[in-house]
Amino acid sequence: MTQQTTLALTAIALCLCGTGGMLIARCSKEVRRIARGRRLFLAALIGLGVLALYASGQPHHGVVYAGLSLGGLVIGMLWEGPQAGCERMWAADRL
């Protein structure tokens, strides 16, 4: 496996972790779970930042993927959208 493939797979894995943390932080009612989701999200952001710093010293263009992933995760966390999906999850918990 080449270094570029490894960097791309690591970026994808960190994006999935960040998205999971974002969903946990957004859709949870418990304060502890919200805090865990935020910590997971921040850990993924820090990991992507480290990945971007490492990729910037390499001769290929892996920085673009890490930068776009970082931007997308930050926009996703700051986006103020409807909470319909979370409300449906909470309604299912009440049954």
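Residues numbered from 1 in each chain as written. Predicted model: local features only at pLDDT ≥ 70, side-chain atom pairs only at ≥ 80, totals over all residues. Heavy atoms only, no water.

Focus on the overall build of the chain
Right, on to step 1. For the chain, the helix and strand inventory stands at four helices and zero strands.
Right, on to step 2. The helix and strand sequence of the chain, counted from the amino end, reads α-α-α-α.
Right, on to step 3. Burial statistics for the chain: of 95 residues in total, 28% are counted as buried.
Right, on to step 4. For the chain, the share of sequence-separated contacts (at least 6 apart) that also reach a separation of at least 24 residues comes to 63%.
Right, on to step 5. Here the chain has roughly 6,600 Å² of accessible surface; of this, 68% comes from carbon and sulfur atoms. (Helix = DSSP H or I, 4+ residues; strand = E, 2+ residues; numbered from the N terminus. Buried < 20%, exposed > 50% of the residue type's maximum accessible area, 1.4 Å probe, protein only. Contact = heavy atoms within 4.5 Å. Areas by Shrake-Rupley, 256 points an atom, 1.4 Å probe, with all protein chains shown as cover.)

Some remarks on helix H1 (residues 3-27)
Right, on to step 1. With 25 residues, H1 should cover 36 Å at 1.5 Å per step; its first-to-last C-alpha distance of 36 Å lies within 8% of that length.
Right, on to step 2. Those residues of H1 not exposed but buried are Leu7, Ala11, Leu14, Cys15, Gly18, Gly21, Met22, Ala25 and Cys27. (Expected span 1.5 Å × (residues − 1).)

A look at the side chain of Ser69
Right, on to step 1. Mapped onto the elements, Ser69 comes out in helix H3 (residues 62-78).
Right, on to step 2. When neighbours within four sequence positions are excluded, Ser69 is seen to be in contact with Cys15 and Leu48.

Brief notes about the packing of H1 against helix H2 (residues 31-56)
Right, on to step 1. Taken N-terminus to C-terminus, the directions of H1 and H2 make an angle of 160°; their axes are 7 Å apart at the nearest point. Classed by the angle they form, the pair H1 and H2 counts as roughly antiparallel. For the crossing formed where H1 meets H2, the hand is left-handed.
Right, on to step 2. Per-class residue counts for the contact of H1 with H2 are 16 nonpolar, seven polar and two charged. (Axes fitted to C-alpha atoms, helices over the stretch in contact; angles between N-to-C directions. Parallel < 35°, antiparallel > 145°, perpendicular 65-115°, else oblique. Left-handed = near helix turned anticlockwise from the far one by under 90°. Nonpolar A, V, L, I, M, F, W, Y, C, P; charged D, E, K, R; others polar.)

Overview of the nonpolar core
Right, on to step 1. Grouped together as the largest cluster of nonpolar side chains are 15 residues, with contacts concentrated most on Met22, Phe41, Leu48, Leu51, Leu73 and Met77.
Right, on to step 2. Apart from the residues lying within four places of it in its own chain, the contact partners of Phe41 are Gly18, Gly21, Met22, Leu73, Val74 and Met77. (Core = buried A, V, L, I, M, F, W, Y, C linked by side-chain atoms within 4.5 Å.)

Some points on a positive patch on the surface
Right, on to step 1. A cluster of like positive charges, contributed by Arg32, Arg33, Arg36 and Arg39, occupies part of the molecular surface.
Right, on to step 2. Tracing the sequence through the fold places Arg39 in helix H2.
Right, on to step 3. By relative accessible area, Arg39 is classed as exposed at 56%. (Patch = residues over 30% accessible without salt bridge, like charges linked within 9 Å, V, L, I, M, F, W, Y side chains within 5 Å. Salt bridge = Lys/Arg side-chain N within 4 Å of Asp/Glu carboxyl O. Lys, Arg positive; Asp, Glu negative; His and termini not counted. Charge placed at Lys NZ, Arg CZ, Asp CG, Glu CD.)

Nothing here speaks to function; it is all geometry.
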